[in-house]
Amino acid sequence: MSTPPTNASINPPIARIQNLKVHFPIRGSFLSFGHKHTLKAVDGVSLDLAKGEILGLVGESGCGKSSLGRAIMRLIKITDGSIEIAGTDFLALEGKALRQVRPNIQMIFQDPYASLNPRMTVYDILAEPLFTHTKLNSDAQMAKIKQTLDLVGLNAKTCKKYPHEFSGGQRQRIAIARALILDPKVIIADEPVSSLDVSVQAQILNLLKEIQTRLGLSMIFISHNLAVVKYISDRIAVMYLGKIVEIADREALYKNPLHPYTRALVSAVPIPDPKLERARKRIPVGGELPSPLNPPKGCAFHTRCPLAFDRCRTEPPQLIAHSKSLHRVACFAVEENRPS
Amino acid sequence: MEPILELKNYQAHFYTRRGIVKAVDGISFKVHPGETLGIVGESGSGKSVTHLSYLRLLPSPPLRIVGGEVRFKGKNILTLPDRQLRDLRGKSIAMIFQEPMTSLNPYMKIGAQLIEPLLIHTVMNKKDAWKKAIAALERVGIPNAEPAMNRYPHEFSGGMRQRVMIAMALTTDPAVLIADEPTTALDVTVQAQILDLLRDIQKDTGMAVVLITHDLGVVAGLADRVVVMYAGHVFEEGSAEDIFYRSAHPYTLALLKSTPRIDVPQGALPVIPGMPPDLSRLGKGCPFYERCGYHMDVCVTEFPTSHQFGPEHESFCYLERPPQ
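Conventions used here
Residues numbered from 1 in each chain as written. Chains lettered and ligands numbered in written order. Predicted model: local features only at pLDDT ≥ 70, side-chain atom pairs only at ≥ 80, totals over all residues. Helix = DSSP H or I, 4+ residues; strand = E, 2+ residues; numbered from the N terminus. Rg over C-alpha atoms; globule rule 2.2 N^0.38 Å. Buried ≥ 20, exposed ≤ 12 C-beta atoms within 10 Å, placed from the backbone. Contact = placed C-beta atoms within 7 Å. Domains from an automatic or database assignment. pLDDT = per-residue confidence, 0-100. Pairing = 2+ DSSP bridges. Nonpolar A, V, L, I, M, F, W, Y, C, P; charged D, E, K, R; others polar. Axes fitted to C-alpha atoms, helices over the stretch in contact; angles between N-to-C directions. Expected span 1.5 Å × (residues − 1). Core = buried A, V, L, I, M, F, W, Y, C linked by C-beta atoms within 7 Å.

## Here's the deal with the overall build of chain A
Piece 1. From N to C terminus, chain A includes 12 helices and 12 strands.
Piece 2. Taken against the 2.2 N^0.38 rule, which gives 20 Å for 340 residues, the C-alpha radius of gyration of chain A at 21 Å falls within 12% of a compact globule.
Piece 3. The buried share of chain A, taken over its 340 residues, is 47%.
Piece 4. At a minimum sequence separation of 6, the contacts of chain A that also span at least 24 residues come to 64%.

## So, the domain arrangement of chain B
Residue and element names in this part refer to chain B.
Piece 1. As far as domains go, chain B holds domain 1 (5-92 + 174-316) and domain 2 (104-173).
Piece 2. One C-alpha centre belongs to domain 1, the other to domain 2; they are set 29 Å apart.
Piece 3. Each side of the interface is counted separately: domain 1 has 14 residues, and domain 2 has 14 residues.
Piece 4. Those elements giving two or more residues to the side of domain 1 that touches domain 2 turn out to be helix H2 (82-91) and helix H8 (188-205).

## Brief notes about the confidence of the model for chain B
Piece 1. With 100% of its residues at a pLDDT of 70 or more, chain B shows a mean pLDDT of 91.
Piece 2. Interface confidence in the predicted complex, given as ipTM, is 0.86; pTM for the same model is 0.89.

## A short note on the pairing of strand E6 (residues 105-108) of chain A
Residues and elements named next belong to chain A.
Piece 1. Side-chain alternation along E6 places Ile105 and Met107 on one buried face and Gln106 and Ile108 on a second face that is also buried.
Piece 2. Of the pairings in the sheet, the one linking E6 to strand E7 (residues 186-190) comprises 4 bridges and is parallel in character. Following the sheet pairing, Ile105 is matched in E7 by Val186.

## Here's the deal with the pairing of strand E12 (residues 313-316) of chain B
Residues and elements named next belong to chain B.
Piece 1. Alternating positions in E12 separate into two faces, His313 and Ser315 on one and Glu314 and Phe316 on the other, with burial throughout.
Piece 2. Bridge count for strand E10 (residues 233-239) against E12 is 2 bridges, and the pairing is antiparallel. Directly across from Glu237, in E12, lies its bridge partner Glu314.
Piece 3. In this structure, strand E11 (residues 306-310) lies alongside E12, joined through 4 bridges in antiparallel fashion. The residue of E12 that forms the bridge with Gln308 is Glu314.
Piece 4. Between E11 and the antiparallel strand that follows it, E12, lie 2 residues.

## Here's the deal with the interface of chain A and chain B
Piece 1. Between chain A and chain B, the contact holds 35 residues from the first and 32 residues from the second.
Piece 2. Breaking the side of chain A that touches chain B down by element, the ones donating at least two residues are helix H6 (198-215), helix H7 (226-232), helix H9 (260-268) and helix H10 (274-279) of chain A.
Piece 3. Considering every element that reaches the side of chain A that touches chain B, the biggest residue donor is H6 of chain A, with 7 residues.
Piece 4. Here the residues of the side of chain A that touches chain B are counted per class, giving 20 nonpolar, 7 polar and 8 charged.

## Thoughts on the sheet that holds strand E2 (residues 19-31) of chain B
Residues and elements named next belong to chain B.
Piece 1. One open sheet accounts for 4 strands, arranged E2-E1-E4-E5; its pairing is antiparallel. This sheet does not close on itself; its edge strands, each paired only once, are E2 and strand E5 (75-76).
Piece 2. Judged from the 2 bridges that link them, strand E4 (residues 63-72) and E5 form a sheet pairing that is antiparallel. The residue of E5 that forms the bridge with Phe72 is Lys75.
Piece 3. Docked against the sheet, helix H1 (residues 47-54) engages strand E1 (5-16), E2 and E4, running at close to 85° with respect to E2.

## Points about unusual backbone geometry
Residue and element names in this part refer to chain B.
Piece 1. Note that the residue after Ser60, namely Pro61, is joined by a cis bond; omega there is -5°.
Piece 2. By secondary structure assignment, the location of Pro61 is in the loop between H1 and E4.
Piece 3. In this structure, the amide linkage connecting Pro61 to the following residue, Pro62, adopts the cis form with an omega of 10°.
Piece 4. With respect to the helices and strands, Pro62 occurs in the loop between H1 and E4.
Piece 5. In this structure, Asn9 takes a positive phi of about 45° despite not being glycine.
Piece 6. Along the chain, the position of Asn9 falls in strand E1.
Piece 7. Not every positive phi belongs to a glycine, and Ala231 is a case in point at roughly 50°.
Piece 8. Relative to the assigned elements, Ala231 resides in the loop between strand E9 (225-230) and E10.
Piece 9. Taking the C-beta count within 10 Å as the criterion, Ala231 has 23 such neighbours and is therefore assigned buried.

## Considerations on helix H5 (residues 168-180) of chain A
Residue and element names in this part refer to chain A.
Piece 1. Compared with the 18 Å implied by 1.5 Å per residue over 13 residues, the 18 Å span of H5 between its first and last C-alpha is a close match.
Piece 2. Taken residue by residue, H5 has Gly169, Gln170, Arg171, Gln172, Arg173, Ile174, Ala175, Ile176, Ala177, Arg178, Ala179 and Leu180 as its buried positions.
Piece 3. Turning to H5, the residues buried within the fold contact E6, helix H3 (122-133), helix H4 (138-151), E7 and H6.

## Regarding the sheet that holds strand E3 (residues 36-40) of chain B
All names here are of chain B.
Piece 1. Strand order across the open sheet formed by 8 strands is E6-E7-E8-E3-E9-E10-E12-E11, with mixed pairing between neighbours. The sheet is open, and its two edges are formed by strand E6 (93-96) and E11, each paired on a single side. With strand direction ignored, the average angle separating the axes of adjacent strands in the sheet is 20°.
Piece 2. Sheet topology note: the E3/strand E8 (residues 208-213) ladder contains 5 bridges and is parallel. Counterpart to Ile39 in the pairing with E8 is Ile212.

## Remarks on the nonpolar core
Piece 1. In terms of nonpolar packing, the biggest core is built from 199 residues, with Phe221 and Val238 of chain A together with Val176, Val210 and Leu211 of chain B touching the most fellow members.
Piece 2. Shared between two domains, this core takes at least three residues from each, and those domains are domain 1 (5-92 + 174-316) and domain 2 (104-173) of chain B.
Piece 3. Those residues in contact with Leu211 of chain B, other than ones at most four positions away along the chain, are Thr36, Leu37, Gly38, Ile39, Ala179, Val219, Leu222 and Ala223 of chain B.

What follows is the structure in structure tokens.
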């Protein structure tokens with residue numbers, strides 16, 4: 001299979017994901033006589049993550065953004081496709097070899113109440129990865145823990161405390177420290193600020209941005225919140241029913257969204273300004289999200305799309321560059337330059 | 001105009017083993033007929049507890065209403081006997097919640113749930129109630145309303161369930177609808193639909209809507225007036241324009257500035273340092289002073305009195321002029 005052209009930025013990609021598929025078998029009920037369904041959570045996603053970039057991944061619930069994140073981490077079974085991390089074929093690795101590469105890619109989860117073990121102190125939480133993956137002695141471990149806590153804005157004295165003694169924002173700092181402690185190259189952050197209040201959310205967003213710049217990390221930032229994604233990301237991919245429908249630089253995506261779904265999504269985000277918000281024209285999305293068990297043929301969005309025409313109902317559109325730019329979109333109406 | 005709902009120095013505290021949690025500590029505001037009042041605040045600000053408590057939807061103990069008045073059409077409802085309050089809750093003040101899956105009974109067909117308030121709170125017979133419920137479902141945009149009456153909540157999507165909730169609230173033609181984070185659990189495109197629906201329905205029925213939310217964008221689109229709450233207190237009240245363009249309270253301003261938005265480029269977001277205070281350990285002063293860039297000595301010792309910035313714009317802060 002030939003490699004599709006990717007918009008490798010100035011830097012070589014640190015992670016390269018090609019045609020990734022995550023299909024969950026759904027066991028039918030007793031009455032369906034072994035008839036099997038497949039839920040195509042991620043259905044052929046190709047992405048390059050450049051070194052030092054933050055790639056935002058947005059979409060509504062059920063679009064597969066979290067499954068994609070977890071698949072890249074190899075936390076769930078991958079049906080097909082390939083993932084390269086820093087030049088190595090991540091999916092080919094097993095056992096010891098896999099363990100050696102794992103520190104390179106770390107994850108931050110949405111709910112810091114669920115992702116931290118309540119029976120472990122901050123020290124335990126941060127020492128465990130060091131113990132598993134490094135040969136540091138206890139002094140060196142302590143030094144690393146202190147340094148990492150300092151990086152996320154926590155006092156070294158917090159080491160002896162348990163997660164319940166912290167607020168949501170501080171817990172998320174602990175979770176970030178845990179992700180950073182092995183000096184990863186790639187961070188996957190899955191809705192890291194969604195459970196936080198606005199006043200704390202800004203602190204964590206700024207922290208993530210600052211750390212990313214300081215350490216030169218690459219990050220995939222998964223969120224349903226388009227405003228948050230816009231703030232933090234360099235580039236943004238929009239997902240719908242397991243596929244990327246549009247990917248572009250931040251400014252391009254918000255100023256000039258091309259895919260009808262992206263347009264509707266951007267137009268639906270409320271703006272905290274009464275005059276602007278009331279004068280805005282929304283682009284409505286008709287109907288309901290189709291069942292991912294039985295996605296529409298052709299373009300998955302055609303059932304709700306105001307621009308849909310015959311070709312959309314039969315042929316799945318590919319993600320292709322729009323007017324030779326880095327802005328790529330999977331839409332026949334855009335491809336054929338139909339009036340919108 | 002006479003307010004339809006008025007809170008005067010209302011206080012609701014939780015008496016817990018760890019101490020008294022002053023969830024709502026002396027708040028006052030009015031809701032006028034036909035208006036949408038937005039109540040904005042973060043978790044723990046008391047924005048939901050305020051309404052849940054006077055509608056007696058919270059267990060007591062630990063909750064205790066320790067002071068103030070809540071007047072509906074001029075009458076203090078805090079002193080009403082339970083029976084009368086239940087009637088008021090069913091007929092005059094309706095409430096919809098954030099998560100429609102948990103607020104609908106999963107074992108009951110939605111038709112049965114929709115006619116229940118009508119059978120209990122009005123003299124309508126079952127047949128008329130059924131018809132009215134179908135009309136309500138049609139009004140909120142449920143396709144095929146008649147067969148939908150015989151479906152269970154799980155057969156609907158999140159957005160459709162919220163529509164059912166709204167239909168249920170509408171059947172008894174309430175004078176006030178309290179919408180507690182009605183779109184927080186929904187995706188943005190669905191949220192937009194539900195907000196449009198609320199706006200339309202309010203225009204049609206002329207009921208007052210109290211929209212409780214943490215999302216400033218949602219408030220900007222819907223609210224005529226806005227109340228900003230923090231740690232059980234009202235910090236600022238004014239028209240939507242007052243609050244968004246002429247914020248007089250440092251907290252309101254900080255909140256607006258630290259909210260990511262899609263329409264303007266933002267450099268580093270200004271941050272509100274620290275975190276919301278522990279409500280069981282509040283001092284006498286302003287609960288925001290530790291996080292406030294403008295705080296003075298007096299803020300530590302005494303909760304500020306209100307400063308009037310316009311005919312309906314007031315801020316509970318010692319600052320004489322709005323912060324920049």
